[in-house]
Amino acid sequence: MASGRRYKHQPGDGDGGAGSTLLPPNMAMAAMGGGKLATPAPRMELSSPAPPLGLRLTSDVSKAAMVFLSHVRRTFARAPVDYTGELVRLLDDISIVTRSVASYVAECSASVAYGSVGDASTLSSDFSTTKMYKSLTHDGYACIILSRDREMPLTFPEDAPHGMYVVCFSPLDFDKLNVGQQPVCGTSWSIYKRRSSTSLPGRYIDMQQKACDQVAAGYCIYSSATTLHYTMGQGVYSFVMHPVALQYFLQPASRIMLPESGTAIYTPRRTMLHGASTVGQSVARALTSLGGSVFHTGCLLGDVHMMLQTGGVVVAEDVHFLCEAAPLALMIEQAGGVATDGEGTRILDMEILEDFNMSVTFVAGSRRTASAIDVKLSGQV
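What comes next concerns the included structure. Source: prediction; values computed, not measured. (Residues numbered from 1 in each chain as written. Predicted model: local features only at pLDDT ≥ 70, side-chain atom pairs only at ≥ 80, totals over all residues. Heavy atoms only, no water.)

**Some remarks on the overall build of the protein**
The helix and strand tally for the protein stands at 10 helices and 13 strands. When the 381 residues of the protein are sorted by exposure, 49% land in the buried category. Within the protein, contacts between residues at least 6 apart in sequence are counted, and of these 61% link residues at least 24 apart. When the accessible surface of the protein is totalled, it reaches about 18300 Å², and 54% of it is carbon and sulfur. (Helix = DSSP H or I, 4+ residues; strand = E, 2+ residues; numbered from the N terminus. Buried < 20%, exposed > 50% of the residue type's maximum accessible area, 1.4 Å probe, protein only. Contact = heavy atoms within 4.5 Å. Areas by Shrake-Rupley, 256 points an atom, 1.4 Å probe, with all protein chains shown as cover.)

Spelled out as structure tokens, the structure:
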């Protein structure tokens, strides 16, 4: 009796003759058709029976790509920054920290008690800074952290592992006047390669970076839904935290492109009150010429998030360069917009030499609307 592998649903199955020893499908067809191998059937797409968040997933590959970390790995494979994989794992660690911060914002307390309602008066950026520092200290992917709310960079102990990346982040941006209800707030971050030798503690030279040297940047918005946006220089992509499986960020849409037709201006009310300032005068002239409207969510990240959806421009003063202006400028330019300091200088062309807490004026958005704010911008972009 032949010892070949048996396959079901092939000609000769169960007839008790020579055909009872079955061949693989293509070989069976070759035996019947004179030796010519049949063309294999096209692969059928698989549809998820219960896709999360109402999304339609067409294959197992696309299911994996919907998860944030899988998307990071695919982007990294197209344009690798290093060959150690540290950047991929660093971004994964940052996303884990944002999930903890999202729970903190929902409860507005370091001790989570589900069912309570958040109150902005109890929020503090110390929780986010401490969480980020503790997470990255023991991973070995970063060497130094710069927080917007700390005067000096946060260094790691000498006996801790030191990686090859610098992390600059704004721990928690929210409207401090929004008392009595849960606010819209967010966290932004950017990642640079260190300049000093690896496996050693971070140095000041590692912080002296040019904004265009960022290898990755992103922000997370904590509101009715926790959303994460990021870029590795290959476009801007959005992810939403799964409402049940909180360990997953899922991708609900394709690459984000900034609408060019928007005329909204997102700026704090105090900017309009400063009519005598150059920025205030530019905003007033833009409102007259564009016929637009002024909006403000209470925080810079909320304004940028809304602008990326609807178009227009964001105008803000005294924005931290490394922790806020640089990462947001990279994301806005990756989405097809422009970002300047309000005087025609591109944010990504600026560099830190000594003052790590340098602040700049931030004018970013669609080219048409931004040029109406910055009169010097039209001839330089």
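Next, the rest of the story.
**Remarks on the sheet that holds strand β13 (residues 359-365)**
In spatial order, the strands read β10-β9-β11-β13-β12; together these five strands make up an open sheet with mixed pairing. In this open sheet, the two strands that pair with only one neighbour each are β10 (294-295) and β12 (338-340). Where strand β9 (residues 265-266) and strand β11 (residues 313-320) come together, two bridges link them in parallel fashion. In the strand pairing of β11, isoleucine 265 is matched with valine 313. Along the sheet, helix α9 (residues 321-334) makes contact with β11, β12 and β13, crossing β13 at roughly 15 degrees. (Pairing = 2+ DSSP bridges. Axes fitted to C-alpha atoms, helices over the stretch in contact; angles between N-to-C directions.)

**Thoughts on the packing of aromatic side chains**
Scanning the model with the defined rule gives seven aromatic pairs in all. Ring centres of phenylalanine 68 and tyrosine 230 lie 5.2 Å apart, and the angle between their planes is 80 degrees; on these two criteria the pair is classed as edge-to-face. Of this pair, phenylalanine 68 sits in helix α3 (residues 68-78) while tyrosine 230 sits in strand β6 (residues 227-231); the two residues are 162 residues apart in sequence, bridging distant segments of the chain. Residues phenylalanine 68 and tyrosine 230 agree in their burial class; the two are buried. Ring centres 5.6 Å apart and planes at 5 degrees place the aromatic pair tyrosine 204 and phenylalanine 356 in the stacked group. Here tyrosine 204, found in the loop between β4 (185-193) and β5 (216-222), pairs with phenylalanine 356, found in the loop between β12 and β13; they are 152 residues apart in sequence, far enough to count as distant. By relative accessible area, tyrosine 204 is classed as partly exposed at 47%. Aromatic rings pair up to connect Phe68, Tyr230 and Phe239 into one cluster. (Phe/Tyr/Trp six-rings, centres within 6.5 Å; stacked < 30°, edge-to-face > 60°.)

**A word on the sheet that holds β6**
With mixed pairing, eight strands are arranged side by side in an open sheet as β2-β1-β3-β4-β5-β6-β7-β8. Each edge of the open sheet carries a strand with a single partner, namely β2 (154-155) and β8 (249-250). Sheet topology places β4 next to β5; seven bridges connect them, and they run antiparallel. What sits directly across from serine 190, in β5, is alanine 217. Together, β1 (142-147), β2 and β3 (165-173) form the strand contacts of helix α5 (residues 126-137), whose direction differs from that of β3 by roughly 155 degrees. Contacts from helix α8 (residues 300-310) reach β3, β4, β5 and β6 within the one sheet, and its direction differs from that of β5 by about 100 degrees.

**What to know about α9**
Of all 14 residues making up α9, 12 are buried, and the element is well covered by its neighbours. Every buried residue of α9 is accounted for by Phe321, Leu322, Cys323, Glu324, Ala325, Ala326, Pro327, Leu328, Ala329, Leu330, Met331 and Ile332. Trailing α9 by a residue or two, glycine 336 shows a phi angle of about 100 degrees, which is positive.

**With respect to helix α4 (residues 86-107)**
Over its 22 residues, α4 runs 32 Å from end to end, which matches the ideal 32 Å to within 8%, given 1.5 Å per residue. Counting buried residues in α4 gives 16 out of 22 residues, a clear majority hidden from the surface. (Expected span 1.5 Å × (residues − 1).)

**Comments concerning the pairing of strand β7 (residues 236-241)**
Burial analysis of β7 places six of its six residues in the buried class, the great majority of the element. Both faces of β7 are covered, namely the face carrying Val236, Ser238 and Val240 and the face carrying Tyr237, Phe239 and Met241. Relative to β7, β6 runs antiparallel, the two sharing five bridges. In the sheet register, leucine 228 faces β7, and the bridge partner there is phenylalanine 239. The turn joining β6 and β7, which pair antiparallel and follow one another in sequence, is formed by four residues; a positive phi near 85 degrees is taken by glycine 233. Examined bridge by bridge, β7 and β8 share two bridges and lie antiparallel to one another. Opposite methionine 241, over in β8, you have phenylalanine 249 as the bridge partner.

**Some words on unusual backbone geometry**
Residue aspartate 318 is not a glycine yet carries a positive backbone phi of 55 degrees. Looking at the element boundaries, aspartate 318 is found in strand β11.

**Some thoughts on the pattern of salt bridges**
If you walk through the whole model with that rule in mind, you get six salt bridges. Across the pair aspartate 349 and arginine 346 runs a salt bridge whose closest N-O atoms are separated by 2.9 Å. When salt bridges with common partners are traced through the structure, they connect Arg148, Asp149 and Glu324 into a single cluster. (Salt bridge = Lys/Arg side-chain N within 4 Å of Asp/Glu carboxyl O.)

**A short note on the environment of isoleucine 96**
Mapped onto the fold, isoleucine 96 is located in helix α4. By relative accessible area, which is 35% here, isoleucine 96 ends up partly exposed. As for isoleucine 96 and phenylalanine 249, which are separated by 153 residues in sequence, their C-alpha atoms are 9.8 Å apart.

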